[in-house]
Amino acid sequence: MTRIAVIAGSTRPHRLARTVADWVHQHTRDRTDAQFDLVDITDQNLPLLDEPMPPATGQYSKEHTQAWAEKIASYDGYVFVTPEYNHSVPAALKNAVDYLYAEWNNKSIGFVSYGSAGGTRSVEAWRLIAAELQMADVRAQVFLPFGSDFDEDFAFAPTEGATRDLQTVFDQVVAWAEALKPLRG
């Protein structure tokens, strides 16, 4: 069965990423076209990139990198739940991505983003990163602006449109993950 990881992409204390990722994951429960797992980068305990060799070599010397590589390699696609920090990607998720290379190749990726502008600038940057990692980023995305999908206290309150768009992200990520299987061998 096709396996998709929903990755909570922030480690900030009092972060919104886990709340949004839980919402994303909850909406996968009725799907039968793939297995969806929630992966929280906070649980991975990855220090700032500390591997001596470039990730493209696949020569991982640290136990935390080997465990992370095994986890990521087991998936066919990903949905990144990403905030936008200073018009770009969150450093903790970028660090986690930068640990690996081949484990990301020929897999699909979709985005659920949030922030003052819905996280759209973060996703723009992620699309460039995904291209370098030989990933197929899907067109559909969910962007969650603070002004419409969160209340004045930053409590998450997604709109019906966001929930509807989420299903399109899942559809495209699963379809592309399956289409790319021959390339993964």
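What you see is a predicted model; the values in this text were computed from it and never measured.

Caption draft 1: The overall build of the protein, seen in detail. For the protein, the count of helices and strands is 7 helices and 5 strands. If you list the helices and strands of the protein from N to C, you get β-α-β-α-β-α-β-α-β-α-α-α. Against the compact-globule benchmark of 16 Å for 185 residues, the protein has a radius of gyration of 16 Å, which places it among compact chains. Reported as C-alpha extents along the three principal axes, the dimensions of the protein are approximately 45 × 35 × 25 Å. A burial count over the protein gives 49% of its 185 residues as buried. Relative to all contacts within the protein whose residues are 6 or more apart in sequence, the contacts with residues 24 or more apart total 80%. Total accessible area on the protein is roughly 8900 Å²; 51% of this is exposed by carbon and sulfur atoms. Computed over 16 positive and 25 negative side-chain charges, the inter-centroid distance for the protein is 3 Å.

Caption draft 2: Structural context of the pairing of strand E1 (residues 3-8). For E1, a buried count of 5 out of 6 residues is recorded, marking the element as mostly surrounded by other parts of the structure. In terms of strand pairing, E1 meets strand E2 (residues 35-40) through 6 bridges, oriented parallel. When the sheet's bridge partners are listed, Arg3 is paired in E2 with Gln35. Once the chain exits E1 it traverses helix H1 (residues 17-26) before rejoining the sheet at E2, and the crossover so formed is right-handed.

Caption draft 3: Geometry of helix H2 (residues 63-73). Within H2, the full set of buried residues consists of Thr65, Trp68, Ala69 and Ile72. Taken down its axis, H2 places every buried residue within 100 degrees of arc, on the same side. Exposed residues pointing more than 90 degrees away from the buried face of H2 are listed as Glu63 and Glu70. Looking at the buried positions of H2, the neighbouring elements they touch are E1, E2, strand E3 (77-83) and helix H3 (91-98).

Caption draft 4: Structural view of the sheet that holds E3. If you walk across this open sheet you meet the 5 strands as E2-E1-E3-E4-E5, and the pairing is parallel. On the outer flanks of this sheet lie E2 and strand E5 (136-145), each paired with one strand and no other. Direction aside, neighbouring strands of the sheet carry axes that sit 20 degrees apart on average.

Caption draft 5: Structural context of the pattern of salt bridges. Tallied over the entire structure, the rule returns 10 salt bridges. With a shortest N-O distance of 2.9 Å, Arg18 and Asp22 are connected by a salt bridge. You can see Arg18 and its partner Asp22 sitting in helix H1, 4 residues apart, about one turn around the helix. Here Glu84 and Arg121 are joined by a salt bridge, their closest N and O atoms 2.5 Å apart. A residue pair is termed long-range when its members are at least 10 positions apart, and Glu84 in the loop between E3 and H3 and Arg121 in helix H4 (residues 120-132) qualify at 37 residues. When its relative accessible area of 25% is taken as the criterion, Arg121 is described as partly exposed. A network of salt bridges, in which partner residues are shared, links Arg15, Arg18, Asp22 and Asp40.

What counts, and where the lines are drawn
- Residues numbered from 1 in each chain as written.
- Predicted model: local features only at pLDDT ≥ 70, side-chain atom pairs only at ≥ 80, totals over all residues.
- Heavy atoms only, no water.
- Helix = DSSP H or I, 4+ residues; strand = E, 2+ residues; numbered from the N terminus.
- Rg over C-alpha atoms; globule rule 2.2 N^0.38 Å.
- Buried < 20%, exposed > 50% of the residue type's maximum accessible area, 1.4 Å probe, protein only.
- Contact = heavy atoms within 4.5 Å.
- Areas by Shrake-Rupley, 256 points an atom, 1.4 Å probe, with all protein chains shown as cover.
- Lys, Arg positive; Asp, Glu negative; His and termini not counted.
- Charge placed at Lys NZ, Arg CZ, Asp CG, Glu CD.
- Pairing = 2+ DSSP bridges.
- Right-handed = clockwise from strand over helix to strand, strands pointing away.
- Arc of directions from axis to C-beta.
- Axes fitted to C-alpha atoms, helices over the stretch in contact; angles between N-to-C directions.
- Salt bridge = Lys/Arg side-chain N within 4 Å of Asp/Glu carboxyl O.

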